[in-house]
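Structural description and commentary
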Amino acid sequence: MSCQKSIHDPRSAIHAYSMNEIKNYTPKQIVQELDRYIIGQHEAKRSVAIALRNRWRRLNVKGDMQDEIIPKNIIMIGPTGVGKTEIARRLAKLAESPFYKVEASKFTEVGYVGKDVESMIRDLTEIGVNMIRQREQECVKGKAKDLAEERLLDLLLPIKKKKAPPVDMTMTPVRIEETTVPEEEDTSRTREKLRQMLRDGKLNDRKVDLDIGPKPPAFTGGPGVPMVEIISAGGSLDDISSNLRDMFGGMFQQGKKRKKVPVPEALEILTHEEAAKLIDMETVTKMAVSFVENNGIIFIDEIDKIASRSDLRGGPDVSREGVQRDILPIVEGSTVSTKYGFVKTDHILFIASGAFHVSKPSDLIPELQGRFPIRVELNSLTKHDFLRILTEPQNSLTKQYKALMGSENVTLQFTDDALEEIASFAAKANEQMENIGARRLHTILEKVMEEVSYDANERAGTTFEITSPYVQKCLVKIIDNQDLSKYIL
Ligand SMILES: Nc1ncnc2c1ncn2[C@@H]1O[C@H](COP(=O)(O)OP(=O)(O)OP(=O)(O)O)[C@@H](O)[C@H]1O
Ligand SMILES: [Mg+2]
C-alpha cells in the first residue's frame with residue numbers, strides 16, 4: 001500500500017482510497033501471480049481471479065447500479081491439502097485485502113453453538129483497521145522520528161543549575177524542567193551537539209527513563225469512535241467484555257511503568273508514540289471501514305461440515321442448519337455493528353471451501369447455495385504435481401531445506417531422480433493411507449532429511465547430496481510396513 005493520499009479531507013480520501021487500493025490486476029495477471037506459488041488448480045485460480053477483477057469492475061460502474069452488483073462468491077470443492085486455503089490466502093495478499101479465515105464448523109462446536117457469527121466481520125474489521133493504521137503510521141514516520149528525537153533530547157539533557165560543564169555523559173538522565181533552563185544559547189548548542197552524537201550512534205550505550213504503557217494512547221480508539229454502540233447491538237458476552245476492556249483500558253492507563261531503556265530502543269518507542277499521535281484515528285477508522293466493505297475477503301473453511309439439512313437427519317444437524325441460517329444474512333449483505341462503527345457486508349467477498357466427501361453443495365440451504373454461485377473443483381494431486389510442488393513454487397520445500405542447511409554452511413543438493421523418488425513415495429503413501437495431499441511432502445521430506453538435520457553443524461563446509469538410493473534407504477522400510485507408515489509418514 002502506498003501513502004500518497006491526503007488524510008486531511010476524510011471524505012475524498014476515503015473515496016480515493018477504495019478506488020486506488022483495489023489493485024487493477026487483470027485475471028490473467030492474477031493467475032500468473034498465483035502460479036508462482038501454487039501448482040496446477042487452474043480452474044480455481046481462474047475463478048478467484050475473475051471474482052477479484054469483478055470487484056474492481058464494480059467500483060468503476062457509475063451510479064446506483066454499483067450498489068446492486070453483488071460479489072460472485074465462490075465455493076472451492078476439493079480434498080484436503082490440494083491448495084484451497086493457499087489460493088485464497090495468496091489472493092488476499094496479492095490484492096492487499098483484509099483477509100480473515102474462519103472454520104464454519106467452529107460455530108457448531110460445544111461451547112460455540114449460538115456464538116455470534118457476526119464476530120467474523122468484527123475480526124475482519126480489526127484486521128482492516130490495523131492495515132490502514134500501519135500504512136498511515138508509515139506515512140508519518142519521518143515526522144514522527146523528528147518529534148521523537150526532540151523528546152529524546154529533552155530526556156537526555158540533564159538539569160543544569162549554575163554553570164555546569166556541557167554534558168556529563170555518566171549522569172543518569174533526568175527530564176529537564178522548563179524553568180531551569182539558564183542560558184538559552186548554551187543549552188541549544190549542547191542540544192545540537194547531543195543531537196549529532198545521537199545520530200552518530202554515540203549514545204547507544206546510554207539509557208533513559210521512559211514511561212512505557214502497554215499501548216500508545218491513540219491505539220485504543222480515537223475521538224468519535226462509537227465504542228459503546230456494540231453493547232446496545234446485542235453482541236455476545238465475549239464481545240461485550242472485550243469492548244469494556246477497550247473502553248476502560250484508556251482510562252486507567254493500564255500498567256504504565258517507568259523503565260530504563262537504551263537510547264536506540266527509546267527512540268523507537270517514542271517514534272511509535274509520536275506516529276500514533278500524528279494520525280487521526282477517526283479518519284483511519286472511516287477509511288478502514290470503507291476498505292473492509294469494498295476489499296474484505298472472508299474465507300469460510302469446512303463449509304461442508306455444516307452442509308446437511310435437518311429434514312434428512314436429526315440431532316446435531318439442527319444446529320448445522322442453524323449455523324447456515326446465521327451465516328446467511330452476513331453473506332447476503334447486512335450491517336454489522338463493530339467497535340469501529342457499522343460495517344456493511346454486501347460487497348465483502350466470501351470464499352467457502354470444503355472437501356464435500358459426505359455432503360454436497362446441494363445439501364446447503366437453498367438461500368446459501370444462491371449466494372455462492374461459483375463452484376469450482378480442485379483436483380487431487382498426482383505424482384507429477386508433487387514433483388513440481390517440490391521445486392517450482394517461490395519458496396518450495398526443497399528451497400526451504402537448502403536455506404536451512406545453508407545456515408549451517410552445508411550445501412544441500414537433490415538429484416533429479418531423488419526428487420522423482422520422493423514424489424512417487426508421496427503419491428504412494430497418499431494412496432495406501434489417507435490422502436492428505438501436498439501435506440504428505442512435508443512428512444516424507446522431514447524423514448529424508450532426518451540424518452543431515454541432526455548433525456548438520458558437524459558437516460559445515462561440506463555438500464550433502466540426496467540421491468535416489470538414499471531416499472530409498474530412508475523410506476522403503478517404512479512405506480512397506482503399513483502400520484509403521486501410519487505413525488511416521
Ligand atoms: N497445488 C499446490 N501447489 C503448491 N503447494 C500446495 C498445493 N496444494 C497444497 N500445497 C501446500 O500444501 C499445504 C496445504 O495446502 P492448503 O492449506 O491449501 O490445503 P487445503 O486444500 O486448504 O486443505 P484443507 O481442506 O485440509 O484445508 C500448504 O503448505 C500448501 O502450500
Ligand atoms: Mg484449508
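Calculation rules
Residues numbered from 1 in each chain as written. Chains lettered and ligands numbered in written order. Predicted model: local features only at pLDDT ≥ 70, side-chain atom pairs only at ≥ 80, totals over all residues. Heavy atoms only, no water. Helix = DSSP H or I, 4+ residues; strand = E, 2+ residues; numbered from the N terminus. Buried < 20%, exposed > 50% of the residue type's maximum accessible area, 1.4 Å probe, protein only. Contact = heavy atoms within 4.5 Å. Areas by Shrake-Rupley, 256 points an atom, 1.4 Å probe, with all protein chains shown as cover. Axes fitted to C-alpha atoms, helices over the stretch in contact; angles between N-to-C directions. Parallel < 35°, antiparallel > 145°, perpendicular 65-115°, else oblique. Left-handed = near helix turned anticlockwise from the far one by under 90°. Nonpolar A, V, L, I, M, F, W, Y, C, P; charged D, E, K, R; others polar. Phe/Tyr/Trp six-rings, centres within 6.5 Å; stacked < 30°, edge-to-face > 60°. Lys NZ or Arg CZ within 6 Å of the ring centre and 35° of its normal. Core = buried A, V, L, I, M, F, W, Y, C linked by side-chain atoms within 4.5 Å. Domains from an automatic or database assignment. Near = heavy atom within 4 Å. Polar contact = N/O pair within 3.5 Å; in protein donor to acceptor, adjacent residues only side chain to side chain. Expected span 1.5 Å × (residues − 1). Pairing = 2+ DSSP bridges.

When helices and strands are counted, the protein shows 20 helices and 11 strands. Out of the 489 residues in the protein, the part that is buried amounts to 46%. Within the protein, residue pairs in contact and separated by at least 24 positions form 77% of the contacts whose partners lie at least 6 positions apart. In the structure as shown, the protein presents an accessible area of about 25,100 Å², 51% of it carried by carbon and sulfur atoms.

Before going further, it helps to examine the packing of helix α6 (residues 119–139) against helix α12 (residues 281–295). The N-to-C vectors of α6 and α12 enclose an angle of 125 degrees; their axes lie 8 Å apart at closest approach. Here α6 lies oblique to α12, going by the angle between them. Once α6 is placed against α12, the crossing between them reads as right-handed. Contacts between α6 and α12 involve Leu124, Thr125, Gly128, Val129, Met131, Ile132, Arg133, Arg135 and Glu136 on the former and, on the latter, Met281, Val284, Met287, Ala288, Phe291 and Val292. Of the residues in the contact of α6 with α12, the class split is 10 nonpolar, two polar and three charged.

This brings us to the packing of aromatic side chains. Here the structure, examined in full by the defined rule, presents two aromatic pairs. For the ring pair Phe99 and Phe299, a centre distance of 6.3 Å and an interplane angle of 35 degrees mean the geometry is tilted. Linking Phe99 in strand β2 (residues 99–103) with Phe299 in strand β5 (residues 297–301), this pair joins segments that are 200 residues apart in sequence. Across this residue pair, the class does not change: Phe99 and Phe299 are buried. With centroids separated by 5.5 Å and ring planes inclined at 80 degrees, the aromatic side chains of Phe464 and Tyr470 adopt a geometry described as edge-to-face. Looking at Phe464, the relative accessible area reads 10%, which means it is buried. We note Arg53 situated over the ring of Trp56; from NZ or CZ to the ring centre the distance is 4.0 Å. Looking at Arg90, its charged tip hangs above the ring of Tyr37, at a distance of 3.9 Å from the centre.

In this section: the packing of helix α18 (residues 439–455) against helix α19 (residues 468–480). At a closest axis distance of 10 Å, the pairing of α18 and α19 adopts a crossing angle of 120 degrees. In this view, α18 runs oblique relative to α19, as classed from their interaxial angle. The two elements α18 and α19 cross, and the hand of that crossing is right-handed. Residues Ile444, Lys447, Val448 and Glu451 of α18 lie in contact with α19, whose contacting residues are Tyr470, Val471, Lys473, Cys474, Leu475 and Ile478. Looking at the contact of α18 with α19, its residues break down into seven nonpolar, no polar and three charged.

Core analysis: the largest hydrophobic core is formed by 60 residues, its most contacted members being Met76, Ile351, Phe386 and Ile466. When we break this core down by domain, the ones giving at least three residues each are domain 1 (3–135 + 283–377) and domain 3 (383–488). In contact with Ile466, not counting residues within four places along its chain, are Leu412, Gln413, Phe414, Thr415, Ala418, Val448, Met449 and Val471.

This part is about the site of ligand 1. Taken together, 16 residues sit near ligand 1, with Ile39, Thr80, Gly81, Lys84 and Thr85 positioned nearest. Within the side chain of Lys84, an N or O atom sits 2.8 Å from an oxygen atom of ligand 1. Expressed as a share of its isolated accessible area of 620 Å², the protein-covered part of ligand 1 is 83%. Those elements giving two or more residues to the shell around ligand 1 turn out to be α5 (84–95) and α18. The dominant element in the shell around ligand 1, judged by the number of residues it contributes, is α5, at three residues. Here the shell around ligand 1 is built from residues that sort into seven nonpolar, five polar and four charged. A domain split of the shell around ligand 1 shows at least three residues from each of domain 1 (3–135 + 283–377) and domain 3 (383–488).

Tracing the backbone shows Pro71 in the loop between α4 (65–68) and β1 (74–77). For Pro71, a relative accessible area of 14% puts it in the buried group. In this structure the C-alpha to C-alpha distance between Pro71 and Asn294, which are 223 residues apart in sequence, comes to 9.9 Å. Setting aside its immediate chain neighbours within four residues, Pro71 contacts Asp346, His347, Ile348 and Leu349.

Let us look at helix α17 (residues 416–432). Given a rise of 1.5 Å per residue, 17 residues ought to cover 24 Å, and the 24 Å separating the end C-alpha atoms of α17 matches this to within 8%. Within α17 the residues assigned to the buried category are Ala418, Leu419, Glu421, Ile422, Ala423, Phe425, Ala426, Ala427, Ala429 and Asn430. The elements touched by buried residues of α17 are α15 (383–391), α16 (397–406), β10 (411–414), α18, β11 (463–466) and α19.

With that out of the way, let us pick up the sheet that holds β1. Either a parallel or an antiparallel arrangement is found when strands of a sheet pair, and the pairing is made through backbone hydrogen bonds. Pairing in this open sheet of five strands is parallel, and the strands run β2-β5-β8-β1-β9 from one edge to the other. The open sheet terminates on both sides in strands that have one partner only, identified here as β2 and β9 (374–377). Each strand of the sheet is rotated relative to its neighbour by a mean of 20 degrees, with strand direction disregarded. Bridge analysis of β1 against β9 gives four bridges, and the strand direction is parallel. If you follow Ile74 over to β9, its bridge partner there is Ile374. This element, helix α3 (residues 42–60), spans β1, β5, β8 (349–354) and β9 of the sheet and lies at about 150 degrees to β9.

Here Ser359 lies in the loop between β8 and α14 (366–371). Engagement of the side chain of Ser359 in a polar contact is seen with the backbone oxygen of Asp304, the distance being 3.1 Å. Ignoring anything within four residues of it in the chain, the contact list for Ser359 reads Asp304 and Ala307.

Limitation: the analysis is restricted to geometry and does not speak to function.
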